[in-house]
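Here is what each chain is made of, one letter per residue.
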Amino acid sequence: MQNVRPKKHLGQHFLTDLSIAERIAQAVKGHDGVNCVLEIGPGMGVLTDFLLKNPMELYLIDIDSESIAYLYQKYPQLKEKIIEGDYLKEDFSSVLPDKYAIAGNFPYNISSQIFFRVLDERDKVTEVVCMLQKEVAQRIASPKGNKAYGILSVLLQAFYDIEYLFTVPPGVFNPPPKVDSGVIRLTRNQTEKLDCKEKLFFQVVKAGFGNRRKTLRNSLKSFQLPEDLKINPLLDKRAEQLDVADFVFLTQQIEASRGNH
Ligand code: SAH
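Just so we're clear, the structure is a prediction, and the values are computed from it rather than from any experiment.

J.: Is there a simple way to think about helix H1 (residues 18-26) in this case?
T.: What sets the pattern is the α-helix's 3.6 residues per turn: residues three or four places apart point alike. What H1 keeps buried is the set Ile-20, Ala-21, Ile-24 and Ala-25. Considered in projection along H1, the buried side chains sweep an arc of 135° and stay on one side of the axis. In H1, the exposed positions that point more than 90 degrees away from the buried face belong to Leu-18 and Gln-26.

Below, the structure written as structure tokens:
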């Protein structure tokens, strides 16, 4: 089989170190009794080989037709489970079971978008084990008070427990990326629904981090904060100092004051 030519615009950096692929595959735990895993961006299947050693049912999705042709040849037994498509757009409802895990060495250029899709699908996605830029991996896993802590950290931490597993240097990829990579695991937590309007929560978090250096009193101005909230010391803080529960509280207060008008 002829190797797939790495295409930059598809974020293709093929892993060449088998022991790292093995560690990523072994980090998939099958949380919540789930028995199915979707691999995003299998490329030439270096991670796939190790995921196949796991008893979980395996589905693959890749956007690259050259990779798909390669995978069909390499894994004839997976024929029905190889999907040529864009993870960000694909409708999985008639393909995947109700609940499944996700694994992958993600295309780094769209890793944030992948997580926004995961958030949309969070009632189905019980676990994510993935490699991405170290900086983004750290950001997602970061607790409050840390410089890296940001919008995706809060939104994902609302619904997932997140562990930073290990760092991977550029030299183990072909071609090597410009940055270090990091592997993280997200495990769905018990939160079914937030105790506030979710859309507003997302807006509050985004606005809060809009200018990281401003206090929340300033960055949340456009929400017309209720008077008693304006004097709350929480508003002297900056977004990076607040955890999920603090943002839920703020959203509840804004929501309540809207209800009164
Ligand atoms: N898992 C392989 C390849 C990682 S490179 C390895 O570790 O070697 C990222 C892969 O994601 C590529 O195969 C690329 O074609 C695929 N990809 C890029 N954008 C995608 C998208 N929107 N949906 C699905 N796969 C995508």
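Next comes the rest of the write-up.
J.: What's the story with the environment of Asp-195 in this structure? I'm lost.
T.: Positionally, Asp-195 belongs in the loop between strand S9 (181-188) and helix H7 (198-210). Here Asp-195 falls in the exposed class, since its relative accessible area comes to 64%. As a C-alpha pair, Asp-195 and Thr-251 span 56 residues in sequence and 9.1 Å in three-dimensional space. Ignoring any residue separated from it by four or fewer positions in sequence, one finds Asp-195 in contact with Val-248 and Gln-252.

J.: Would you mind showing me how to read the side chain of Ser-67 here?
T.: With respect to the helices, strands and loops of the structure, Ser-67 is situated in helix H3 (residues 65-74). For Ser-67, a relative accessible area of 0% corresponds to the buried category. In this structure, Ser-67 is in contact with Val-4, Gln-12, Gly-43 and Asp-62, ignoring residues within four places of it in sequence.

J.: What should I look at first to understand the packing of helix H5 (residues 134-141) against helix H6 (residues 151-159) in this one?
T.: What describes two packed helices is the angle between their axes and the distance between those same axes. For the pair H5 and H6, interaxial distance at closest approach is 7 Å and the crossing angle is 50°. As summarised for this structure, H5 and H6 are arranged oblique, according to the angle between their axes. The handedness of the crossing between H5 and H6 comes out as right-handed. Taking contact as the criterion, the partners of Arg-139, Ile-140 and Ala-141 in H5 are, on H6, Leu-152, Ser-153, Leu-156 and Gln-157. Its residues assigned to classes, the contact of H5 with H6 comprises four nonpolar, two polar and one charged.

J.: How should the pattern of salt bridges be read in this particular structure?
T.: Side chains that carry opposite charge are capable of pairing whenever their charged atoms lie near each other. A complete count under the given rule lists 15 salt bridges for this structure. A salt bridge links Arg-188 to Asp-123, with the shortest nitrogen-to-oxygen separation between them at 3.3 Å. Of this pair, Arg-188 sits in strand S9 while Asp-123 sits in the loop between helix H4 (111-120) and strand S6 (125-133), and the two are 65 residues apart along the sequence. Classification of Arg-188 as buried rests on a relative accessible area of 11%. A salt bridge links Asp-236 to Arg-217, with the shortest nitrogen-to-oxygen separation between them at 2.7 Å. Of the two residues, Asp-236 is situated in the loop between helix H9 (227-230) and helix H10 (244-259) and Arg-217 in helix H8 (residues 216-219); the sequence distance between them amounts to 19 residues. On the basis of relative accessibility, which here comes to 46%, the residue Asp-236 falls in the partly exposed class. When salt bridges with common partners are traced through the structure, they connect Arg-5, Lys-7, Asp-64 and Glu-66 into a single cluster.

J.: I keep staring at the nonpolar core and nothing clicks. Help me out?
T.: The nonpolar side chains of a soluble globular protein tend to be buried, and buried together. Residues Ile-102, Phe-115, Phe-201 and Phe-247 are the most contacted members of the largest nonpolar core, which totals 88 residues. Inspection of this core shows a minimum of three residues originating in each of domain 1 (8-188) and domain 2 (198-259). Excluding residues within four positions of it along the chain, Phe-201 makes contact with Val-154, Leu-155, Ala-158, Leu-194, Cys-196, Val-244, Phe-247, Val-248 and Thr-251.

J.: Would you mind showing me how to read the packing of aromatic side chains here?
T.: Each aromatic ring pair is specified by the distance between its two centres and by the angle formed by the two planes. Applying the stated criterion to the full structure yields five aromatic pairs. Judged by centre distance (6.0 Å) and plane angle (65°), the ring pair of Tyr-149 and Phe-209 falls under edge-to-face. Placement of Tyr-149 in the loop between H5 and H6 and of Phe-209 in helix H7 is noted, with a sequence separation of 60 residues between them. Among the residues examined, Tyr-149 registers a relative accessible area of 1% and is labelled buried. Using a relative accessible area of 7% as the deciding quantity, one classes Phe-209 as buried. Cluster of aromatic residues (ring-pair linked, three or more members): Tyr-149, Phe-209 and Phe-247.

J.: Is there a simple way to think about the domain arrangement of the protein chain in this case?
T.: Partitioning the protein chain into domains gives domain 1 (8-188) and domain 2 (198-259). Averaged C-alpha coordinates put domain 1 and domain 2 at centres separated by 32 Å. With 15 residues of domain 1 at the interface, the matching set in domain 2 holds 15 residues. Counting each side, the surface lost to burial between domain 1 and domain 2 is near 1,200 Å², with a carbon and sulfur contribution of 67%. If you look at where domain 1 meets domain 2, you find one salt bridge. The tally of links between domain 1 and domain 2 comes to five residue pairs in polar contact (both at pLDDT 80 or more). Broken down by element, the residue count for the side of domain 1 that touches domain 2 peaks at six residues, all from H6.

Calculation criteria
- Residues numbered from 1 in each chain as written.
- Predicted model: local features only at pLDDT ≥ 70, side-chain atom pairs only at ≥ 80, totals over all residues.
- Heavy atoms only, no water.
- Buried < 20%, exposed > 50% of the residue type's maximum accessible area, 1.4 Å probe, protein only.
- Helix = DSSP H or I, 4+ residues; strand = E, 2+ residues; numbered from the N terminus.
- Arc of directions from axis to C-beta.
- Contact = heavy atoms within 4.5 Å.
- Axes fitted to C-alpha atoms, helices over the stretch in contact; angles between N-to-C directions.
- Parallel < 35°, antiparallel > 145°, perpendicular 65-115°, else oblique.
- Left-handed = near helix turned anticlockwise from the far one by under 90°.
- Nonpolar A, V, L, I, M, F, W, Y, C, P; charged D, E, K, R; others polar.
- Salt bridge = Lys/Arg side-chain N within 4 Å of Asp/Glu carboxyl O.
- Core = buried A, V, L, I, M, F, W, Y, C linked by side-chain atoms within 4.5 Å.
- Domains from an automatic or database assignment.
- Phe/Tyr/Trp six-rings, centres within 6.5 Å; stacked < 30°, edge-to-face > 60°.
- Buried area = accessible area lost by both parts, 1.4 Å probe.
- Polar contact = N/O pair within 3.5 Å; in protein donor to acceptor, adjacent residues only side chain to side chain.

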